[in-house]
Amino acid sequence: ERCIVALAQLAPRVKTLSLAGCTGGATTMSVIQISRSCELLTSIDLTGLAGLQDAALWQLSRGCRWLKKLSLSWCTLLTDVSFAQVARNCPLIVELHVRGCDKLSDGALVQIANNCAYLRVLDIRGCHLVSQSGLDALAMMVPSCRVLFIDASAGKQS
């Protein structure tokens, strides 16, 4: 964690950062520090940080408003509150990967649809609380978005 915090402080102009799989070093506190130090981030990959909490994403969305690509797959503690915050604070998002974030529901999907007009890729595979209603809202508000999901009832990927 100290290394990540030091990196954030020494490289405030960094635009792309991947902490994917850094389960031993990347914590909610280190992501909060990144959000305070690296305001020019356009892409961050936090895939697999299962201990990441809503507070980190809330702060990240407030501090890094230029985000265009955000990868949060398998960050299983994150809730709709976090995703709605990202949607409101980061309207430039083009790619959002939330595969396996099983607390994401239609409520957050509607927030994303209402606020992220530039969204082109949304990976919601394994987000079992998302229904056809949420997908319909997204399709209506952001027709150019390509959604990756598993249709559990049909057993196929779309």
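Worth saying up front: this structure is predicted, and the values here are computed from it rather than measured. (Residues numbered from 1 in each chain as written. Predicted model: local features only at pLDDT ≥ 70, side-chain atom pairs only at ≥ 80, totals over all residues. Heavy atoms only, no water.)

1. As for the overall build of the protein
Okay, step 1: Counting its regular elements, the protein contains six helices and eight strands.
Okay, step 2: Going residue by residue from the N terminus, the α and β elements of the protein occur as α-β-α-β-α-β-α-β-α-β-α-β-β-β.
Okay, step 3: Within the span of the protein, comprising 158 residues, buried residues form 47% of the whole.
Okay, step 4: Here the protein displays about 7700 Å² of accessible surface, and carbon together with sulfur accounts for 56% of that area. (Helix = DSSP H or I, 4+ residues; strand = E, 2+ residues; numbered from the N terminus. Buried < 20%, exposed > 50% of the residue type's maximum accessible area, 1.4 Å probe, protein only. Areas by Shrake-Rupley, 256 points an atom, 1.4 Å probe, with all protein chains shown as cover.)

2. Considerations on the packing of helix α5 (residues 106–115) against helix α6 (residues 132–141)
Okay, step 1: Contact geometry for α5 and α6: axes closest at 9 Å, N-to-C directions at 0 degrees. With respect to α6, the element α5 is oriented roughly parallel. Touching Asp106, Leu109, Val110, Ile112, Ala113 and Asn114 of α5 are Ser133, Gly134, Leu135, Ala137, Leu138 and Met141, all from α6.
Okay, step 2: Residue classes in the contact of α5 with α6 are distributed as eight nonpolar, three polar and one charged. (Axes fitted to C-alpha atoms, helices over the stretch in contact; angles between N-to-C directions. Parallel < 35°, antiparallel > 145°, perpendicular 65-115°, else oblique. Contact = heavy atoms within 4.5 Å. Nonpolar A, V, L, I, M, F, W, Y, C, P; charged D, E, K, R; others polar.)

3. Some words on the sheet that holds strand β3 (residues 69–71)
Okay, step 1: Pairing is parallel across the open sheet formed by six strands, whose spatial order is β1-β2-β3-β4-β5-β6. Of all strands in the sheet, those with a lone pairing partner are β1 (16–18) and β6 (146–148), marking the two edges. This sheet shows a mean twist of 5 degrees between the axes of neighbouring strands, independent of strand direction.
Okay, step 2: Bridge analysis of β1 against strand β2 (residues 43–45) gives three bridges, and the strand direction is parallel. Bridge pairing links Leu17 to Ile44 in β2. (Pairing = 2+ DSSP bridges.)

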